Amino acid sequence: MAVSDPSDAEAPISAESSSKRRSGGWITFPFIIPTFFFLSIAVFGWLVNLIVFLIEQFNMKSIAAAQVSNIVNGCIFMFPALGAIAADSFFGTIPVISVSALSSLMGVVLLTLTVSIDSLRPKHCETASSLCQSPSKIQLGVLYIAITLASIGAGGSRFTLATAGANQFEKTKDQGRFFNWYFFTWYLAAATSTTGVIYAQENISWTFGFGLCLAANLLGVIVFISGRRFYKHDKPLGSPFTSLLRVLFAAVHKRKAVVSTNEKDYHNESTTVPTKSLRFFNRAALKQEDEVKPDGTVLNPWRLCSVQQVEDFKAVIRIIPLALATIFLSTPIATQLSLTVLQGLVMDRRLGPSFKIPAGSLQVITLLSTCLLIIVNDRFLYPFYKKLTGKFLTPLQRVGIGHVFNILSMAVTAIVEAKRLKIVEKGRFLESSSVADMSVLWLFPPLVIVGIGEAFHFPGNVALCYQEFPESMRSTATSITSVVIGICFYTSTAIIDLIQRTTEWLPDDINHGRVDNVYWVLVIGGVLNLGYFLVCSWLYTYRNLKDDNDQKQDVAVSHS
């Protein structure tokens with residue numbers, strides 16, 4: 001804002017205000033988003049092709065390599081929770097990101113050395129040879145240290161960067177736009193690594209491919225450190241879990257006490273009013289004899305909590321039913337991810353006379369469609385909806401739209417698979433006896449649809465957790481999405497195993513199976529889960545939902 005008559009007395013104040021404004025806001029965007037992009041390229045670059053790396057460079061058996069890969073993937077999706085707890089409770093987001101990025105860098109450096117120095121890996125083993133040299137203990141030790149450092153770095157920075165970025169903004173609208181760009185960057189980096197970096201590893205050299213990961217990681221560290229003076233540094237507010245346990249303990253301890261309707265009977269350190277929902281836990285803030293000192297301080301924090309602590313505890317409890325719906329939303333996506341590869345292997349993947357689409361690269365279609373829709377949503381769809389209705393799409397409404405697209409994708413995939421099976425029944429194969437005379441391009445529409453759904457529900461879920469969780473648990477909130485993804489991978493594995501045990505739909509050769517029936521089961525489960533989600537959304541009460549003008553008024557009930 002221009003100052004019409006700047007006087008000497010006003011100059012220092014203006015300079016001070018300018019300095020404050022420079023901390024946080026969109027000035028941090030050119031540092032945080034590129035940092036996330038480079039670090040994500042580094043992670044996806046070594047993670048996506050880990051099985052092939054272990055088989056080709058360390059002579060591991062395929063099953064052992066797959067087991068190592070599964071463990072690493074699970075850990076990477078679980079580590080963000082640990083990084084979030086460290087950020088929320090002890091150090092803040094910026095230091096945790098810095099240390100995590102350096103840990104990732106050290107891990108990638110070691111991985112690059114394993115393919116650059118012959119003594120750090122066993123001698124190359126010819127395909128189908130039974131005389132392959134196993135890696136020594138030292139070689140395995142260096143490998144596992146490298147993977148551990150890289151995994152800790154990836155887990156500690158991935159969702160903590162989301163929290164740090166959102167913390168730079170005051171307005172909910174700006175936070176929502178940041179989350180859209182965050183996930184756009186996520187998918188763009190994944191698509192870049194899945195195509196360019198993986199191609200370099202398999203067609204140029206592993207050293208060159210890991211060198212690209214190393215360069216990207218180093219750029220991420222440099223860019224992030226360069227913007228430190230612009231960041232708004234959040235202060236750790238102590239362990240949020242201690243506060244949650246105190247509420248639970250105090251409420252159980254006073255379980256026989258009568259819940260009062262008089263606000264003066266509660267220990268209140270602010271203007272927060274105890275809500276009527278989940279009233280049992282209001283007992284934790286109910287003042288009793290000899291629980292408050294004459295100076296107003298609490299004698300035992302495990303016996304008496306503040307109303308704010310109780311309401312924060314309720315916020316976490318209310319999110320749990322929605323988190324369960326998210327697990328069953330993402331499980332079909334994880335299942336589709338693996339089954340699509342199997343379908344692609346028995347379909348015509350030729351594009352032109354000399355190029356064949358790798359079956360494992362089919363997920364790029366989903367990644368690219370998600371990237372595109374995030375931009376469309378942020379720039380066109382959401383502003384158009386706001387202009388048309390005067391309201392903005394709530395996080396739960398976005399998640400609900402994602403549910404619908406997810407169900408549609410499973411249904412279209414089932415139809416495509418049924419068509420493929422009919423071609424198999426007619427005996428229409430290519431030169432190979434197991435590849436149906438049907439283009440893999442038929443799988444593109446359902447993959448695009450599921451990508452569209454992810455563009456709605458993935459950012460929506462993260463925004464919901466970030467806005468609704470207590471301030472002391474902001475990092476933990478954004479990491480929940482990552483933990484849910486990790487759970488979904490295991491849930492998907494369990495579903496596939498159950499179907500294999502109880503039906504004949506998933507044999508080793510899916511040409512003799514009924515993969516289409518598997519997708520129809522996922523459709524039915526998706527419809528039931530959507531119904532459950534709608535009920536939870538209808539009953540859910542937002543705590544911190546604000547309009548674009550940041551009017552601080554709570555929405556009583558979300559009719560998402």
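The paragraphs below set out a description of the structure included in this document. As the structure is a computational prediction, the values presented were derived from the model and not from experiment. (Residues numbered from 1 in each chain as written. Predicted model: local features only at pLDDT ≥ 70, side-chain atom pairs only at ≥ 80, totals over all residues. Heavy atoms only, no water.)

What about the pattern of salt bridges?
Then comes step 1: Scanning the model with the defined rule gives 7 salt bridges in all.
Then comes step 2: Across the salt bridge formed by K254 and E291, the nearest N and O atoms sit 2.9 Å from each other. You can see K254 sitting in the loop between α9 (240–253) and α10 (307–345) and its partner E291 sitting in the loop between α9 and α10, a full 37 residues away along the chain.
Then comes step 3: Taking the relative accessible area as the measure of exposure, K254 reaches 2% and is therefore buried.
Then comes step 4: Between R350 and D348 there is a salt bridge, with its nearest N and O atoms 3.0 Å apart.
Then comes step 5: A residue is classified by how much of its surface remains accessible, and D348, at 12% relative accessible area, is buried.
Then comes step 6: One continuous salt-bridge network, built from bridges that share partners, spans R177, D378 and R379. (Salt bridge = Lys/Arg side-chain N within 4 Å of Asp/Glu carboxyl O. Helix = DSSP H or I, 4+ residues; strand = E, 2+ residues; numbered from the N terminus. Buried < 20%, exposed > 50% of the residue type's maximum accessible area, 1.4 Å probe, protein only.)

Topic: empty space enclosed by the protein
Then comes step 1: Enumeration over the complete set of coordinates arrives at 2 cavities of 30 Å³ or more.
Then comes step 2: Its volume calculated, the largest cavity comes out at about 80 Å³.
Then comes step 3: Contributing to the lining of the largest cavity are I319, L322, A323, T326, N461, L464, C465, I480, T481 and V484.
Then comes step 4: Of all the elements in the fold, those that place two or more residues in the lining of the largest cavity are α10, α13 (444–468) and α14 (474–502).
Then comes step 5: Broken down by element, the lining of the largest cavity gets its largest block of residues, 4 residues, from α10.
Then comes step 6: In the lining of the largest cavity, the residues fall into 7 nonpolar, 3 polar and no charged.
Then comes step 7: Taken as a whole, the second largest cavity spans an internal volume of roughly 50 Å³.
Then comes step 8: Contributing to the lining of the second largest cavity are F36, L39, S40, V43, A154, S157 and R158.
Then comes step 9: Every element with two or more residues in the lining of the second largest cavity is listed here: α2 (29–47) and α6 (137–167).
Then comes step 10: Ranked by the residues each element gives to the lining of the second largest cavity, the list is headed by α2, at 4 residues.
Then comes step 11: Taken together, the residues of the lining of the second largest cavity sort by class into 4 nonpolar, 2 polar and 1 charged. (1 Å grid on protein atoms, 1.4 Å probe; cavity = no way out; pocket = protein on both sides within 12 Å on 5 of 7 lines; lining within 4 Å. Points joined across faces, edges and corners; volume = space filled by probe spheres on them. Nonpolar A, V, L, I, M, F, W, Y, C, P; charged D, E, K, R; others polar.)

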